[in-house]
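Now for the letters of each chain:
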Amino acid sequence: MAGVSSESLTKALTELEPKLPFASLQLAKELFGILGAVDSSAGLRRALTDPSRSGEEKSALIKQLFSGKASAEAVDIAAGLASSRWASARDIGDALETLAATVVIAVAENKSAVSASGITGLEELENDLFSFNQAVAANHDVQRALSEPQASAAAKIALAERLVPSASEEAKVLIGQAVAHPRGIKATKLVSRFAELAAKRQQRWIATVSVTRPLTGTQENRLQQGLNSLYGRELKINFNVDPTLIGGIRVQVGDEVLDASLLTRLNDLQRQLAG
């Protein structure tokens, strides 16, 4: 996904973020259900990605079709997605799939709130998804059964759950979606995509701190407290000694970089002088 579709997905994920601390598996299931309806109707996909239609028209269409059939929250999320622009009919389905999976992943993340770290729940989810793919890869009969077009979705889900009986409820939702509705790709490939989303979410809990020389225990504790306060969660900090910084500190949490190194300041100054 690229161009205007990528921008629309980024916008949708940003709007979804405030809802994630209160997310439920039911919401994710409803979003997957809406995805199934969109995937089953070429006419609906064309209508939702028709550049001649306004965002308000497309949003209204989603509300008309799904109000009363899904929660107001799920309908609002799907309607917001429909109001954006999409480069292809496939892209809006891919985006809806990503939003639904992100909700599931957030539920796993939120399970660990009692321990102040979302890493535990996310690691459990990733491990369950990886275990499923390993089990499928090791058995050719299972591979054939999951790709059998005549087998029902319920039968495939039941088979998948037997492969990973101790998997979390979050993992079962994602694995069930992948085997029942792989959307034109192998179920294991879709499970891998879900695992990548979980891994990316996990990076929000990890801070990579680069410094010019090792910090003392007191300094590390102060930095830990400061970053926890700044991000509102207990981060796992990985320290990296990088003499090329010359001075200062560089912190990366997920895609966000806080850079107070002297080298960065010198580079900024050089750019200002060149300008």
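Residues numbered from 1 in each chain as written. Predicted model: local features only at pLDDT ≥ 70, side-chain atom pairs only at ≥ 80, totals over all residues. Heavy atoms only, no water.

Under an unreviewed UniProt entry, the name given to the protein chain is ATP synthase subunit delta, and the source organism is Arthrobacter globiformis. In its Sequence similarities (unreviewed entry) section, the UniProt entry covering the protein chain states "Belongs to the ATPase delta chain family." (UniProt positions renumbered as here; feature names shortened; annotations may be inferred.)

Caption draft 1: Layout of the packing of helix H5 (residues 72–82) against helix H6 (residues 89–110). Two elements in contact, H5 and H6, have axes whose closest approach is 11 Å; the angle formed by their N-to-C orientations is 145 degrees. Every pair of crossing elements has a handedness; the one defined by H5 and H6 is right-handed. Where H5 abuts H6, its residues Ile77, Leu81 and Ala82 lie against Ile92, Ala95, Leu96 and Leu99. Considering only residue class, the contact of H5 with H6 consists of seven nonpolar, no polar and no charged. (Axes fitted to C-alpha atoms, helices over the stretch in contact; angles between N-to-C directions. Helix = DSSP H or I, 4+ residues; strand = E, 2+ residues; numbered from the N terminus. Left-handed = near helix turned anticlockwise from the far one by under 90°. Contact = heavy atoms within 4.5 Å. Nonpolar A, V, L, I, M, F, W, Y, C, P; charged D, E, K, R; others polar.)

Caption draft 2: A look at the domain arrangement of the protein chain. Partitioning the protein chain into structural domains gives domain 1 (1–112), domain 2 (117–202) and domain 3 (205–274). Of note, the centres of domain 2 and domain 3, computed from C-alpha atoms alone, are 37 Å apart. (Domains from an automatic or database assignment.)

Caption draft 3: Quick peek at the environment of Leu190. Among the secondary structure elements, Leu190 is positioned in helix H11 (residues 187–202). Its relative accessible area of 0% is what places Leu190 among the buried residues. Distance in space between the C-alpha atoms of Leu190 and Gln177 is 9.0 Å, their sequence separation being 13 residues. Sequence-distant contacts of Leu190, defined by excluding residues within four places in its chain, comprise Glu97, Ala178, His181, Pro182 and Ile185. (Buried < 20%, exposed > 50% of the residue type's maximum accessible area, 1.4 Å probe, protein only.)

Caption draft 4: Spatial organisation of the nonpolar core. Core analysis: the biggest nonpolar cluster contains 63 residues, and Phe132 and Leu174 have the highest contact counts within it. For this core, the element with the most residues is H6, which contributes 12 residues. Two domains each donate at least three residues to this core, and these are domain 1 (1–112) and domain 2 (117–202). Excluding its chain neighbours within four sequence positions, the residues that come into contact with Phe132 are Leu146, Ala160, Leu163, Val164, Ile175, Val179, Thr188 and Val191. Ala207, Leu223, Leu227 and Tyr231 belong to the second-largest nonpolar core, a separate cluster that totals 10 residues. (Core = buried A, V, L, I, M, F, W, Y, C linked by side-chain atoms within 4.5 Å.)

Caption draft 5: Just empty space enclosed by the protein, in detail. The final tally for this structure, using the stated rule, is one cavity of 30 Å³ or more. The computed volume of the largest cavity comes to approximately 50 Å³. What lines the largest cavity is simply Val38, Leu48, Ile62, Ala78, Leu81, Ala82, Ile92, Gly93 and Leu96. Of all the secondary-structure elements, those providing two or more residues to the lining of the largest cavity are H5 and H6. Taken together, the residues of the lining of the largest cavity break down into eight nonpolar, one polar and no charged. (1 Å grid on protein atoms, 1.4 Å probe; cavity = no way out; pocket = protein on both sides within 12 Å on 5 of 7 lines; lining within 4 Å. Points joined across faces, edges and corners; volume = space filled by probe spheres on them.)

Caption draft 6: Representation of helix H2 (residues 25–39) in the model. For H2, which comprises 15 residues, the first-to-last C-alpha distance of 21 Å matches the rise-based estimate of 21 Å (1.5 Å per residue) to within 8%. Among all positions of H2, only Leu25, Leu27, Ala28, Glu30, Leu31, Phe32, Ile34, Leu35 and Val38 are buried. Among the structural elements, helix H3 (42–48), helix H4 (55–66), H5, H6, helix H10 (169–180) and H11 are those in contact with the buried residues of H2. (Expected span 1.5 Å × (residues − 1).)

Caption draft 7: Molecular detail of the pairing of strand S4 (residues 256–259). Note that strand S3 (residues 249–253) and S4 share four bridges and pair antiparallel. Looking at the pairing, Gln252 lines up with Val257 of S4. The turn joining S3 and S4, which pair antiparallel and follow one another in sequence, is formed by two residues; a positive phi near 65 degrees is taken by Gly254. (Pairing = 2+ DSSP bridges.)

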